[in-house]
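Structural features, examined
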Amino acid sequence: MGETDPAVHIEALAKRFGALVALDGVDLEIARGEAFGLVGANGAGKTTLIRCLLDLAAGDAGAIEIFGLPANEAASRRCLSYLPERFSPPHYLTGREFLRSLAALARAPYDAGRAERVAAELELEPDALARPVRTLSKGMTQKLGLAGCFLLERELYVLDEPMSGLDPAARVAVKSVLARLRAEGRTLFFTSHVLADVDELCSSIAVLERGRVRFRGSPGALRSRYGEASLEGAFMRCIRDGEPALH
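Residues numbered from 1 in each chain as written. Predicted model: local features only at pLDDT ≥ 70, side-chain atom pairs only at ≥ 80, totals over all residues. Heavy atoms only, no water.

On to the overall build of the chain, then. Within the chain, the secondary structure is distributed over 8 helices and 10 strands. Dimensions of the chain, computed from the C-alpha atoms along their principal axes, are close to 55 × 40 × 35 Å. Accessible surface for the chain amounts to roughly 11,400 Å². Of this, 51% is attributable to carbon and sulfur atoms. One way to put it: in the chain the 31 positive side-chain charges average out to a point 4 Å from where the 33 negative ones average out. (Helix = DSSP H or I, 4+ residues; strand = E, 2+ residues; numbered from the N terminus. Areas by Shrake-Rupley, 256 points an atom, 1.4 Å probe, with all protein chains shown as cover. Lys, Arg positive; Asp, Glu negative; His and termini not counted. Charge placed at Lys NZ, Arg CZ, Asp CG, Glu CD.)

This is how it looks when you write it as structure tokens:
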């Protein structure tokens, strides 16, 4: 893993599900320390791309590297932490047991004090760690997943819809943690339908539409390209634009 290698390098990635083309020759590079947002409508291919990145699905063509290592090598994932779009922890564990088990699976020491500090940073109530997961609300369960993700100190955080199910106060707390990680030089790769959050947090974005990258650059560059004041307006113009996709 060389110091000059990008955090993520994706080249000509293609993935089909029968007749459905999920990813169509995606090229993407994410620099170390970048706060990157992947945006697109439902069915654009965002989660499929992340699954290929994490070797949870095999691409039909193309190559993926994480910090210079092929993504299909387990060693490439030792430096990342991942929160899936549909986070569903074992319902019979307490929140604290889940965090402890996650640390054990990652072969990392469990620091109870740090776990409580991360939970507090995310505004996850202290008693939630003592309760069985099945008794937690959707928002509390999501915050538990984020706590588990951030408890592991990694160079790359891959978060698929991290704001899902969160109320406004919790979203502010999560954005504060993401801003801290970015300031520490960690690499962030996340998807979100809340484009205001993307605009606030990301130094760069890619717009994915029907499995192709339609734009790659900063949120400000996308707004300027279409003369729109909001990222939402620029995004809608982008996915409806007739220009060829980027390769």
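On to the pairing of strand β10 (residues 212-217), then. Note that strand β9 (residues 204-209) and β10 share 5 bridges and pair antiparallel. The residue bridging Glu-209 from the neighbouring strand is Arg-212, located in β10. Count of turn residues in the β9/β10 antiparallel hairpin: 2 residues, of which Arg-210 carries a positive phi of about 50 degrees. (Pairing = 2+ DSSP bridges.)

Take the sheet that holds β9 next. The strand order across the open sheet built from 6 strands is β6-β7-β8-β3-β9-β10, with neighbouring strands paired in mixed fashion. Either end of the sheet is taken by a strand with one partner, and the two such strands are β6 (80-83) and β10. On average, each strand axis in the sheet is tilted by 15 degrees relative to the strand beside it, whichever way the strands run. Contacting β6 and β7 (156-160), helix α4 (residues 138-151) runs over the sheet at an angle of about 175 degrees to β6. Docked against the sheet, helix α8 (residues 231-240) engages β3 (35-39), β9 and β10, running at close to 40 degrees with respect to β9. (Axes fitted to C-alpha atoms, helices over the stretch in contact; angles between N-to-C directions. Contact = heavy atoms within 4.5 Å.)

It is worth spelling out the packing of α4 against helix α5 (residues 168-183) at this point. Contact geometry for α4 and α5: axes closest at 12 Å, N-to-C directions at 10 degrees. The angle between α4 and α5 falls in the class roughly parallel. Here Lys-143, Leu-146 and Phe-150 of α4 come into contact with α5, specifically with Ala-170, Val-174, Val-177, Leu-178 and Leu-181. A class-by-class count of the residues in the contact of α4 with α5 yields 7 nonpolar, no polar and 1 charged. (Parallel < 35°, antiparallel > 145°, perpendicular 65-115°, else oblique. Nonpolar A, V, L, I, M, F, W, Y, C, P; charged D, E, K, R; others polar.)

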